[in-house]
There are 2 protein chains.
Amino acid sequence: MQRYFIKPILKTDAHFELDTVVSKHWLQVMRGVPGDQAEFVDGQENLYLGQLNEDHSVTVVKALETNVELPVDVTILSGLPKQDKAEWIVQKATEMGANTICFFGADWSVAKWQPNKLSKKLTRLQKIAQGAAEQAHRTHVPTVRYFETLKQAIAELEYDHLLVAYEEAAKQGEQAQLVKLLNRIKLGQRLIAVFGPEGGISPKEMQFLQEKQATVAGLGPRILRTETAPLYFLAAVSTMLELQ
Amino acid sequence: MQRYFIKPILKTDAHFELDTVVSKHWLQVMRGVPGDQAEFVDGQENLYLGQLNEDHSVTVVKALETNVELPVDVTILSGLPKQDKAEWIVQKATEMGANTICFFGADWSVAKWQPNKLSKKLTRLQKIAQGAAEQAHRTHVPTVRYFETLKQAIAELEYDHLLVAYEEAAKQGEQAQLVKLLNRIKLGQRLIAVFGPEGGISPKEMQFLQEKQATVAGLGPRILRTETAPLYFLAAVSTMLELQ
């Protein structure tokens, strides 16, 4: 069933008007007619079943039970990759359950985001996150943010655990660190996972992360592209915390 | 360091000529000069360090130790998706360690591959697999195959374990099946994982897989796109078998 995110806070039997975006998609793209039903995630991330009325308003039929969010709060913090890869990371990391998706201007980032284009780029990525969250049937839309440096990101983001995916760690056979962290993390805790851009994490950034007591973890013996590593990581989190 | 796949079987101190593809990439794209070194995976999937000679032949310096392949033999069997998604699945599933990547004409596949275009499409996908295997520093290039139906694929492919990723399984809370299978699979065994196309697995295909005693497994509570599910699966296999 179609799922939409809306701002108002709903309750059973409540009525509400569709905003223009949802209205256009449900009535025109999906050809919705009075009596059709859809799922609505309200402003408090609660899920309701809604039915379309003759006047194109919606009546809340009932609240729906759902539990589709990761049991821990994961922030993906990726060194800024090329534009299409950033879009791709946002879409896939949203499908895979990330709570927040951040990019930072890494020492070795090839791509640069000009300050005057920043808000436009973030708006586009936020739209992609919302679409992916609807498609994945999530109740939370990840917030997409940008930081000029790794230092700034770590200073502003709150977390209980900090991890960095490091290719060299894999080469040195440090394969158990990720699983060890996932075995000791507590439900609801906040975990930041740092990933390098195409060029990788610089020694300076690596030293900074180690000063912050980051867990240095390998993601298996194969070299993963910058846009693939966050997905491997999120799938590992889900496998360890949701599948067993 | 650059890595290339070549057909000949090598040994230390052996000399060999570069084929045109490798020669073009190493000498022209990478601007290789005599004395430069690269890694070569030979026809038996063994890894060697090679040094470029004045006459542009290569001398094998030494054999290199490597162990980057998944400890089990995974075949990704995906219902044929749209073309760009097929290319994407091949690239990412190769990065993530798949041994073989197959597509089948699913009951609900929107895309169709005309027999007369099949070999051209497979050649293109095979090239993508080789590029991804080089980039991921693998020693095995996955073979890409196509089957007209799921039944035909299961009849022709050999396997010890058969699994199907099924959205409904997730909804029914069948979250432990994948982990249970990965806990009982033995090193070196062959595992086929079936994924539906955009439209999903048809009831007829599902019934066939159940007759074949396929393990029906959910991949977490979120709905994953057809191109995302195989990556979640491969990351789960690596997490359970390579990281602990």
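Residues numbered from 1 in each chain as written. Chains lettered and ligands numbered in written order. Predicted model: local features only at pLDDT ≥ 70, side-chain atom pairs only at ≥ 80, totals over all residues. Heavy atoms only, no water.

Here the focus is the packing of aromatic side chains. In total, this model carries 15 aromatic pairs over all chains according to the counting rule given. On the numbers, 5.7 Å between centres and 65 degrees between planes, the contact of Trp26 of chain B with Phe40 of chain B is edge-to-face. Here Trp26 of chain B, found in helix α1 (residues 20-29), pairs with Phe40 of chain B, found in strand β3 (residues 37-41); they are 14 residues apart in sequence, far enough to count as distant. In this pair, the class of Trp26 of chain B matches that of Phe40 of chain B, namely buried. Here Trp113 of chain B and Tyr146 of chain B contribute two aromatic rings whose centre-to-centre distance is 5.0 Å and whose plane-to-plane angle is 35 degrees, an arrangement assigned as tilted. Residue Trp113 of chain B is found in the loop between β7 (100-104) and α3 (115-135), and its partner Tyr146 of chain B is found in strand β8 (residues 143-147); the two are separated by 33 residues along the sequence. In this structure, Trp113 of chain B and Tyr146 of chain B share a single accessibility class: buried. In textbook terms, an aromatic cluster arises when at least three aromatic residues are bridged by ring pairs, as seen for Tyr4, Phe16, Trp26 and Phe40 of chain A. The side chain of Lys92 of chain A reaches across the aromatic face of Trp88 of chain B, ending 5.5 Å from its centre. (Phe/Tyr/Trp six-rings, centres within 6.5 Å; stacked < 30°, edge-to-face > 60°. Helix = DSSP H or I, 4+ residues; strand = E, 2+ residues; numbered from the N terminus. Buried < 20%, exposed > 50% of the residue type's maximum accessible area, 1.4 Å probe, protein only. Lys NZ or Arg CZ within 6 Å of the ring centre and 35° of its normal.)

A separate point is the relation of the copies chain A and chain B. Once chain A has been moved 0.0 Å along the axis and rotated by 180 degrees, it coincides with chain B to within an RMSD of 0.0 Å. The operation mapping one copy onto its partner corresponds to a two-fold rotation axis. Mapped onto chain B, 100% of the interface residues of chain A are again interface residues, and the two copies thus contact each other with one and the same surface. (Least-squares fit on C-alpha atoms with pLDDT ≥ 70 in both. Contact = heavy atoms within 4.5 Å.)

Residue and element names in this part refer to chain B. One open sheet accounts for 5 strands, arranged β1-β3-β4-β5-β2; its pairing is mixed. Taken across any chain shown, the strands that pair with only one partner, and hence form the sheet edges, are β1 (3-5) and β2 (15-17). This sheet shows a mean twist of 40 degrees between the axes of neighbouring strands, independent of strand direction. Two strands pair when backbone bridges link them, and β1 and β3 are joined in this way by 3 bridges, in the parallel orientation. The residue bridging Arg3 from the neighbouring strand is Glu39, located in β3. (Pairing = 2+ DSSP bridges. Axes fitted to C-alpha atoms, helices over the stretch in contact; angles between N-to-C directions.)

So, about the interface of chain A and chain B. Many authors give the size of an interface as the accessible area that is lost as the parts come together. The interface is formed by 39 residues belonging to chain A together with 39 residues belonging to chain B. Across the chain A/chain B interface, buried area totals approximately 3200 Å², and carbon plus sulfur atoms make up 56% of it. The largest contributions to the chain A side of the interface with chain B come from Arg222, Arg225 and Leu243 of chain A, which together make up 24% of the buried area. The interface formed by chain A and chain B includes 6 salt bridges. Arg225 of chain A is the partner of Glu95 of chain B in a salt bridge, and the nearest nitrogen-oxygen pair spans 3.1 Å. On the surface where chain A and chain B come into contact, there are 17 residue pairs in polar contact (both at pLDDT 80 or more). Of all the secondary-structure elements, those providing two or more residues to the side of chain A that touches chain B are α2 (83-95), α3 (115-135), α6 (177-184) and α8 (229-242) of chain A. (Buried area = accessible area lost by both parts, 1.4 Å probe. Salt bridge = Lys/Arg side-chain N within 4 Å of Asp/Glu carboxyl O. Polar contact = N/O pair within 3.5 Å; in protein donor to acceptor, adjacent residues only side chain to side chain.)

Another aspect to go through is helix α8 (residues 229-242) of chain B. Under the 1.5 Å per step criterion, the end-to-end length of α8 of chain B is 19 Å for 14 residues, consistent within 8% with the ideal 20 Å. Counting buried residues in α8 of chain B gives 13 out of 14 residues, a clear majority hidden from the surface. (Expected span 1.5 Å × (residues − 1).)

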